[in-house]
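# Coordinate inspection notes
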Amino acid sequence: MVPLPLQGRIGYSRAMSEAPDIPESSNRTLNRAVAATVVVLSVSMALCNIKDGNIVQNMQAAQSTKIDTWNEYQATRIKLHMEGMAAANGGPAAARAALEGAKYMRESGDLRKAAQAAQDDYDHNNYRDDQFDLSDGLASIALATTAIAALTELWGLLFFAWGAGGISILFAIAGFAQVPLHPDMVMGWLT
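Residues numbered from 1 in each chain as written. Predicted model: local features only at pLDDT ≥ 70, side-chain atom pairs only at ≥ 80, totals over all residues. Heavy atoms only, no water.

### A word on the overall build of the protein
When you go through the protein residue by residue, the secondary structure sums to five helices and zero strands. Taken from the N to the C terminus, the helices and strands of the protein come in the order α-α-α-α-α. For the protein, the proportion of its 191 residues judged to be buried stands at 28%. As presented, the protein carries roughly 12,600 Å² of accessible surface, and 63% of it is formed by carbon and sulfur atoms. (Helix = DSSP H or I, 4+ residues; strand = E, 2+ residues; numbered from the N terminus. Buried < 20%, exposed > 50% of the residue type's maximum accessible area, 1.4 Å probe, protein only. Areas by Shrake-Rupley, 256 points an atom, 1.4 Å probe, with all protein chains shown as cover.)

### Regarding the packing of helix α2 (residues 28–88) against helix α4 (residues 155–177)
Packing of α2 against α4 brings their axes to within 10 Å, and their N-to-C directions diverge by 25°. The orientation of α2 with respect to α4, classified from their angle, is roughly parallel. Regarding α2 and α4, the two cross each other, and that crossing is left-handed. Mapping the contact onto sequence places Thr29, Leu30, Ala33, Val34, Thr37, Val40, Leu41, Ser44, Leu47, Cys48 and Lys51 in α2 and Trp155, Leu158, Trp162, Gly165, Ile169, Ala172 and Phe176 in α4. (Axes fitted to C-alpha atoms, helices over the stretch in contact; angles between N-to-C directions. Parallel < 35°, antiparallel > 145°, perpendicular 65-115°, else oblique. Left-handed = near helix turned anticlockwise from the far one by under 90°. Contact = heavy atoms within 4.5 Å.)

### A word on the environment of Val179
By the element assignment, Val179 lies in the loop between α4 and α5 (184–190). Residue Val179 is classed as partly exposed on the basis of its relative accessible area of 38%. For the pair Val179 and Arg128, spaced 51 residues apart in the sequence, the C-alpha separation amounts to 9.0 Å. Excluding residues within four positions of it along the chain, Val179 makes contact with Tyr127, Gln131 and Ala174.

### Side note on unusual backbone geometry
Although it is not a glycine, Glu153 adopts a positive phi angle of roughly 55°. Within the secondary structure, Glu153 is located in the loop between α3 (93–152) and α4. Although it is not a glycine, Gln178 adopts a positive phi angle of roughly 55°.

### Looking at the nonpolar core
Residues Leu41, Met45, Ala139, Ala142, Ala161 and Ala164 constitute the largest nonpolar core, which totals six residues. Beyond its immediate chain neighbours, meaning those up to four positions away, Ala139 contacts Leu41, Met45 and Ser168. (Core = buried A, V, L, I, M, F, W, Y, C linked by side-chain atoms within 4.5 Å.)

### A short note on the packing of aromatic side chains
What the rule picks out here adds up to five aromatic pairs. Relative to Phe176, the ring of Phe132 has its centre 5.0 Å away and its plane inclined at 80°; by these criteria the two rings are edge-to-face. One end of the pair, Phe132, is in helix α3; the other, Phe176, is in helix α4, with 44 residues separating them in the sequence. A relative accessible area of 1% means that Phe132 is categorised as buried. Measuring from centroid to centroid gives 5.4 Å for Phe159 and Trp162, while their planes differ by 55°, and the two rings are tilted. (Phe/Tyr/Trp six-rings, centres within 6.5 Å; stacked < 30°, edge-to-face > 60°.)

### Concerning the side chain of Thr37
Secondary-structure assignment places Thr37 in helix α2. Thr37 gets classed as buried once you look at its relative accessible area, which sits at 9%. A polar side-chain atom of Thr37 sits 2.6 Å from a polar atom in the side chain of Trp162. Aside from chain neighbours lying at most four places away, what touches Thr37 is Thr146, Leu158 and Trp162. (Polar contact = N/O pair within 3.5 Å; in protein donor to acceptor, adjacent residues only side chain to side chain.)

Shape descriptors only; they carry no functional weight alone.
Here it is in C-alpha cells:
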C-alpha cells in the first residue's frame, strides 16, 4: 500500500468526519405504530398457538376414541350375528343365544351413539382449529407487511397490515368464544 501524502491524509480524514449523519427514522409516529402492531399481533399469535395446540390434542383424542369405539361396535355386531346363527339352529342353546343377542343389540346401539359423539366432537374441534389456523395465517401476513411498512416507511402498508391483523384477531376471538364464524370457501381452498 502506498502511503498518501500528508495533505491527502488530512483531506481523507476530514471527509470522513464530515460525512452526513443518517437519521434513524424520519417518522417516529410510524415506528411507534409498527411497534404497537407487532406487540399486539405477537401476543395474539402466542395465545392462539397455545389454544390451537390444545384443540389439536383434543382432536387426536376424539379420533382415537371414535376408531376404538367403531372397532368395538363391529366386534359386538359380529357377536350378535353369531348369537343369531346359534338361535336359528334351535336346541337348548337357542334361549341363551336369544338373551345374548338382545344384550349385544343394546351394546351395539350404545357403541354406535358413542362413536358418533366422538365424531361430532372431532368435527366441532376441527371447525375451531380452522378458525385458529386462519387467524395465525392472517397474523403472519400482517407481521410481514408491518415489517415492510417499517422499512419503506409507507403508511399504506401498515394500514393493510392492520386490516389483516384485525381480521386475524376477529377469527381468534371467534375461536375462543366458539362463535360460528367460518370462511368455508377459504378453508376449502386451503385444505
